[in-house]
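Residues per chain, in single letters:
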Amino acid sequence: MESVHGSKIIYMYRPLSEAKKSAALRLAFVKENGSTVSTDADTTQTKDGMLRSPSQPEIEITSTSVLAVGDKMIDLLKKAQLNNEKVEVWEINLAEPGTDDGKYKGTYYQAYITESEKSSPSDDWVEMSLTFGIEGKGAEGDVTVPQNMLDEALYTFTDTTVQSQ
């Protein structure tokens, strides 16, 4: 068995209204993502013991990132939240390749942004925290991840010669 490093689970987003206009994108400089499934259960005392009646599971996805200058996805997600628009969310496991090249195992969700917070301390980077309230249970499949989304480098090699524009 092999463990999965946290950097191998990525999320891509797109306001549903943008589905015919643009591809999904990752947020820049993500520090941490999370996925929580919770189920409440009512209990009934009987003479034979407790009976549990579970409710439907609720799924939340969270993301915390350092704000990048000109991050268009943050602007789109903020607009979607303010307008109560549905957002598409893909949870992708880069440690598990899909059936075709450039595809990975993942889960597709539709959600509403239920919380967003911008934190700007005087001695650190500005952080954005987002919470997505998922509708339904999601659908599993193979997700296309463009190569440029996989590149982890902040910059590419540059030679010592004069750079042309």
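Residues numbered from 1 in each chain as written. Predicted model: local features only at pLDDT ≥ 70, side-chain atom pairs only at ≥ 80, totals over all residues. Heavy atoms only, no water.

(A) The overall build of the protein chain, seen in detail. If you tally the helices and strands in the protein chain, you get 2 helices and 8 strands. Across the protein chain, helices and strands are ordered from the amino to the carboxyl terminus as β-β-β-β-β-α-β-β-β-α. Projected onto its principal axes, the C-alpha coordinates of the protein chain cover approximately 85 × 40 × 35 Å. The burial tally for the protein chain puts 28% of its 165 residues in the buried class. Restricting the contact set of the protein chain to residue pairs at least 6 apart, pairs at least 24 apart contribute 65%. Of the roughly 11900 Å² of accessible surface on the protein chain, a fraction of 48% belongs to carbon and sulfur atoms. Taking the average place of the 16 positive charges on the side chains of the protein chain and the average place of its 27 negative ones, the gap between the two points comes to 6 Å. (Helix = DSSP H or I, 4+ residues; strand = E, 2+ residues; numbered from the N terminus. Buried < 20%, exposed > 50% of the residue type's maximum accessible area, 1.4 Å probe, protein only. Contact = heavy atoms within 4.5 Å. Areas by Shrake-Rupley, 256 points an atom, 1.4 Å probe, with all protein chains shown as cover. Lys, Arg positive; Asp, Glu negative; His and termini not counted. Charge placed at Lys NZ, Arg CZ, Asp CG, Glu CD.)

(B) How the structure looks around the environment of S17. With respect to the helices and strands, the residue S17 is situated in the loop between strand 1 (9-15) and strand 2 (30-38). The spacing of S17 and A80 is 63 residues in sequence and 8.8 Å in space, taken between C-alpha atoms. A distance of 3.1 Å separates the side chain of S17 from the side chain of E85, its partner in a polar contact. (Polar contact = N/O pair within 3.5 Å; in protein donor to acceptor, adjacent residues only side chain to side chain.)

(C) Main features of the sheet that holds strand 6 (residues 87-97). Here we have 6 strands laid out as an open sheet, ordered 1-6-7-8-5-2, and antiparallel in their pairing. The sheet is open, and its two edges are formed by strand 1 and strand 2, each paired on a single side. Looking at each pair of strands side by side, their axes are set apart by 30 degrees on average, direction ignored. Two elements, strand 6 and strand 7 (residues 103-119), share 8 bridges in a ladder whose sense is antiparallel. By the bridge assignment for strand 7, N93 is matched with K105. Contacts between helix 1 (residues 72-82) and the sheet are confined to strand 1, strand 6, strand 7 and strand 8 (127-144), with strand 1 contributing the most and set at about 60 degrees to the helix. (Pairing = 2+ DSSP bridges. Axes fitted to C-alpha atoms, helices over the stretch in contact; angles between N-to-C directions.)

(D) Local environment of the packing of aromatic side chains. One pass over the full model with this rule turns up 2 aromatic pairs. When the ring of Y13 is compared with that of F132, the centres are 4.9 Å apart and the planes differ by 15 degrees; the resulting orientation is stacked. With Y13 in strand 1 and F132 in strand 8, the pair connects residues that are 119 residues apart, well separated along the chain. Taken as a pair, Y13 and F132 share a single burial class, namely buried. With a centroid separation of 5.2 Å and an interplanar angle of 50 degrees, the aromatic rings of W90 and Y108 are classed as tilted. With a gap of 18 residues between them, W90 in strand 6 and Y108 in strand 7 connect regions that are remote in the sequence. Overall, W90 belongs to the buried group, its relative accessible area being 13%. (Phe/Tyr/Trp six-rings, centres within 6.5 Å; stacked < 30°, edge-to-face > 60°.)

(E) Representation of the nonpolar core within the structure. In this structure, Y13, L77, V89, L130 and F132 are the most contacted members of the largest nonpolar core, which totals 18 residues. Ignoring any residue separated from it by four or fewer positions in sequence, one finds L77 in contact with Y13, L27, V87, I113, L130 and F132. Of all hydrophobic cores here, the second largest spans 11 residues; its members include M12, A24, W90 and V143. (Core = buried A, V, L, I, M, F, W, Y, C linked by side-chain atoms within 4.5 Å.)

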